[in-house]
Amino acid sequence: QALLVESGGGSLPAGGSMRPSCATSGYTFRIYCLAWFRQALVKEREKVGDITADGESTYTDPVKGRSTIYKDNANNTLYLEMHSVKPEDTAMYYCAREEAAGGTCDLWGIWGQGTQVTVSS
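Position numbers for residues start from 1 in each chain and track the written sequence from start to end. Only residues with pLDDT of 70 or above have their local features reported here, since the model is predicted, and side-chain atom pairs are shown and tallied only from 80 upward, although totals for entire chains, interfaces and linings are computed over all residues. Just so you know, side-chain values use all the structure's heavy atoms and leave hydrogens and water out.

## With respect to the state of the cysteines
Any covalent bond linking the sulfur atoms of two cysteines counts as a disulfide. Note that a disulfide, as used here, is simply two cysteine sulfur atoms within 2.5 Å. Tallied over the entire structure, the rule returns two disulfides. Disulfide pairing places Cys22 opposite Cys95 at an S-S distance of 2.1 Å. Judged by the torsion about the S-S bond (70 degrees), the Cys22/Cys95 disulfide is right-handed. Of this pair, Cys22 sits in strand 3 (residues 21–25) while Cys95 sits in strand 9 (residues 91–98); the two residues are 73 residues apart in sequence, bridging distant segments of the chain. Residue classification places Cys22 among the buried positions, given a relative accessible area of 0%. Secondary structure is summarised from DSSP: a helix means a run of H or I of at least four residues, a strand means a run of E of at least two, and numbering begins at the N terminus for each. The cut-offs for exposure are 20% and 50% of the maximum accessible area for each residue type, with area from a 1.4 Å probe on protein chains only; residues under the lower value are buried, those over the upper are exposed, and the others partly exposed.

Here is the structure:
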């Protein structure tokens, strides 16, 4: 059974940095796309970015330029590093794995429980 577990959330001031992580188990880590999503109160879930099986990362505009998604194949862990955080970054952050290996990184079938990030102004 594939399992994703986020950690590293918490409260921090605007301008700071965070690095949530997503520990995974129960599947072949290297062959799947992975992604970070977030959902803030009164907003729909939005994608933060993703990383392909080959390690190529892409980002959506709200975090582009101040975020890095990377993975460590040795410990099956996905990371999101974000600098210069803003109050609007406050959200529940989720990691996700694509539904099936060899896809196009657009169908996400396995989700973690999320880790809450709160950025104070």
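## Some details on the pattern of salt bridges
When a carboxyl oxygen of Asp or Glu lies within 4 Å of a side-chain nitrogen of Lys or Arg, that pair is called a salt bridge. A full pass over the atoms with the stated rule returns five salt bridges. Note that Arg38 is salt-bridged to Asp89, the shortest N-O span being 2.8 Å. With Arg38 in strand 4 (residues 34–39) and Asp89 in the loop between strand 8 (77–82) and strand 9, this pair connects stretches of sequence that are 51 residues apart. An identical accessibility class is assigned to Arg38 and Asp89; each is buried.

## Describing the environment of Ala100
Within the secondary structure, Ala100 is located in the loop between strand 9 and strand 10 (108–111). Since its relative accessible area comes to 43%, Ala100 is described here as partly exposed. Taking the C-alpha atoms as reference, Ala100 lies 18 Å from Cys22; in sequence the two are 78 residues apart.

## Some remarks on the pairing of strand 8
With five of six residues buried, strand 8 lies mostly within the body of the structure. Judged from the three bridges that link them, strand 3 and strand 8 form a sheet pairing that is antiparallel. Bridge pairing links Ser21 to Tyr79 in strand 8. Paired strands are those between which DSSP finds at least two bridges. The sheet contact formed by strand 7 (residues 67–72) and strand 8 spans six bridges and is antiparallel. Within strand 8, the position partnered with Asp72 by the bridge is Thr77.

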